[in-house]
Amino acid sequence: MKHDYVPRMTSYTLNPEDELNDLRMSDRVRPLYDHVRKFIRETVEPMSVEFYRHGEKKTDRWSFTPQQLEVLGKAKDKAKEVGLWNFFLPDAETGEGLKNLDYAYIAAELGKSPLASETMNCSAPDTGNMEVLERVGTKAQKEKWLKPLLNGEIRSAYAMTEPNVASSDAKNISTTAKLVGDEWVINGEKYYISGLGDPRCKIMIVMVKTNPDAPPSKQQSQILVPKDTPGVEIIGPMHVFGHDHAPRGHMHLRFNNVRVPKDNILLGEGRGFEISQVRLGPGRIHHCMRTIGKAEKALDLMVSRGLTREAFGKKIAHLGGNLQIIAQARCEIEAMRLMVLKAAKAMDVLGNKDARIWVSMVKAMVPERAAKIIDQAIQMHGATGISQWTPLAEMYTDVRHLRFADGPDEVHWMVVGRHELSMP
């Protein structure tokens, strides 16, 4: 029986002349990259030791001690002084104006140190919120909220996920906002709102349903809601693998007839999905960029442990299949790195909307593979790997939860699969 094979004209064919295949960091940004690495090593890491030491004796877990804020503030001031500040914003006057590709290299370094991103004002969820405000905020909104965020004076949160609906389909969002006079009246429930427990968090961007009678993609809007607005009820923290992640937390909250000015809406009524494309594309890939750094750190710890501990007369690295596990981890990291760099380049060349397939590919692939590498590093450490004596347990829970954050794996695989089926 004869089978005629006709190859499809996919968009992934390797073409030496395709701009998407040039994944080199720009010469202009290389000094910044080197500076970031040096700053993390010489300033952030020593500060982090002091920061966590000062937090050991606090009585209120949902706070920072004055000493913690002081040492962090000094490091942030130093980052500002030397120009290592707000470089996550692509092509923006308010930041370094980096391409996504260039930032991908830097973000991988930030991911290796828990306080590096915050020290240089490149932390989620602030990065996504600042990008939204920078792109679509009014002059008044920028002055009131973007300016202090860019200065690192306050923190923010993004409230979309709800406990009573399948939030992976954003059309299901049921929190309502009704225009009454010159105010939006908001009612509903949200959970896993990261960073809302932070005492420095002052503002939320909230996804709401403003018009249930509009077409499905026009029913949602995004509205600015100050955290201290009457009717905002923070019920308590949601745990991640048994941890509440105080003092930042992932909060469960209700909106009980919360009233905010009409002008607090972003971009306009019914444009919530449009704003999501501005926010979630960069946010998703930033997570992946930092996760590469976490995977790299896990491999470093795995190798170090494997070469310094012996069992049954051999170094642990040479026992069983550990040597192959280490080798495969390196291969996986390099494969993930190239995929993330190409997704970042696609955003630079094609724009966020047309690059969504690439972003979905890495968002589904990277957290899953990185979590496996961290899990293997834990295994090579024995019981110590799940203890507080290494960062691995916390790294694992952080990366594992990314398989839900900004869309679960299944949604991203669906996006990629549908695109593949649509190709001629």
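Residues numbered from 1 in each chain as written. Predicted model: local features only at pLDDT ≥ 70, side-chain atom pairs only at ≥ 80, totals over all residues. Heavy atoms only, no water.

Enquirer: Looking at this model, I keep getting lost on the overall build of the protein. Mind explaining?
Expert: Secondary structure summary: the protein contains 11 helices and nine strands in total. Relative to a compact globule of 424 residues, whose C-alpha radius of gyration would be 22 Å, the protein shows 22 Å and is just as compact. If one aligns the C-alpha atoms of the protein with their principal axes, the spans along those axes are about 75 × 75 × 45 Å. Split into buried and exposed, the 424 residues of the protein put 50% on the buried side. A sequence separation of at least 24 residues applies to 73% of the contacts in the protein between residues at least 6 apart. Where the 58 positive side-chain charges of the protein centre and where its 54 negative ones centre are 2 Å apart. (Helix = DSSP H or I, 4+ residues; strand = E, 2+ residues; numbered from the N terminus. Rg over C-alpha atoms; globule rule 2.2 N^0.38 Å. Buried < 20%, exposed > 50% of the residue type's maximum accessible area, 1.4 Å probe, protein only. Contact = heavy atoms within 4.5 Å. Lys, Arg positive; Asp, Glu negative; His and termini not counted. Charge placed at Lys NZ, Arg CZ, Asp CG, Glu CD.)

Enquirer: Hey, could you run me through the pattern of salt bridges in this one?
Expert: Side chains that differ in charge, positive against negative, can pair when their charged atoms come close. Summed over all chains, the structure comprises 29 salt bridges. With a shortest N-O distance of 2.9 Å, E332 and R369 are connected by a salt bridge. Pair noted here: E332 is in helix 8 (residues 322–350) and R369 is in helix 9 (residues 356–381), with a separation of 37 residues, a long-range link. The partly exposed category is assigned to E332, whose relative accessible area is 26%. Through salt bridges with shared partners, a single network forms among E118, D126, R155, D198, R200 and R248. (Salt bridge = Lys/Arg side-chain N within 4 Å of Asp/Glu carboxyl O.)

Enquirer: I would appreciate a short explanation of the packing of helix 1 (residues 30–54) against helix 2 (residues 66–81) in the present structure.
Expert: For any two helices packed against each other, one specifies the crossing angle of their axes together with the interaxial distance. Two elements in contact, helix 1 and helix 2, have axes separated by 8 Å at closest approach and are oriented at 165 degrees. Judged on the interaxial angle alone, helix 2 and helix 1 are roughly antiparallel. Here helix 1 runs over helix 2; the crossing is left-handed. Side by side, helix 1 and helix 2 meet where F39, T43, M47, E50, F51 and H54 of the first sit next to Q67, Q68, V71, L72, A75, K78 and A79 of the second. (Axes fitted to C-alpha atoms, helices over the stretch in contact; angles between N-to-C directions. Parallel < 35°, antiparallel > 145°, perpendicular 65-115°, else oblique. Left-handed = near helix turned anticlockwise from the far one by under 90°.)

Enquirer: Teacher, can you tell me more about the UniProt feature "domain: Acyl-CoA oxidase/dehydrogenase middle" (unreviewed entry) in the protein here?
Expert: Mapped onto the present numbering, the UniProt feature "domain: Acyl-CoA oxidase/dehydrogenase middle" (unreviewed entry) falls at residues 157–257. The straight-line gap between the two end C-alpha atoms of residues 157–257 is 20 Å; of that span, 0% is helix and 50% is strand. (UniProt positions renumbered as here; feature names shortened; annotations may be inferred.)

Enquirer: Help me understand the packing of aromatic side chains, please; the structure alone is not making it clear to me.
Expert: Given two aromatic rings, their pairing is described by the distance between the two centres and the angle made by the two planes. Going through the model one piece at a time under the given rule, you end up with five aromatic pairs. Ring geometry for F51 versus Y52: centroids 5.4 Å apart, planes at 85 degrees, classification edge-to-face. Exposure remark for F51: the relative accessible area of 3% places this residue in the buried category. Since its relative accessible area comes to 43%, Y52 is described here as partly exposed. Their ring planes at 65 degrees and their centres at 5.0 Å tell us that Y191 and Y192 sit as a pair that is edge-to-face. Residue classification places Y192 among the partly exposed residues on the basis of a relative accessible area of 34%. (Phe/Tyr/Trp six-rings, centres within 6.5 Å; stacked < 30°, edge-to-face > 60°.)

Enquirer: Sorry, what's going on with the pairing of strand 7 (residues 250–261) here?
Expert: The side chains of a regular strand alternate between the sheet's two faces. Relative to strand 7, strand 3 (residues 183–194) runs antiparallel, the two sharing nine bridges. Within the sheet, the bridge partner assigned to I186 lies in strand 7 and is V258. Sheet topology note: the strand 6 (residues 232–237)/strand 7 ladder contains five bridges and is antiparallel. Considered in strand 7, the bridge of I234 is made with L253. (Pairing = 2+ DSSP bridges.)

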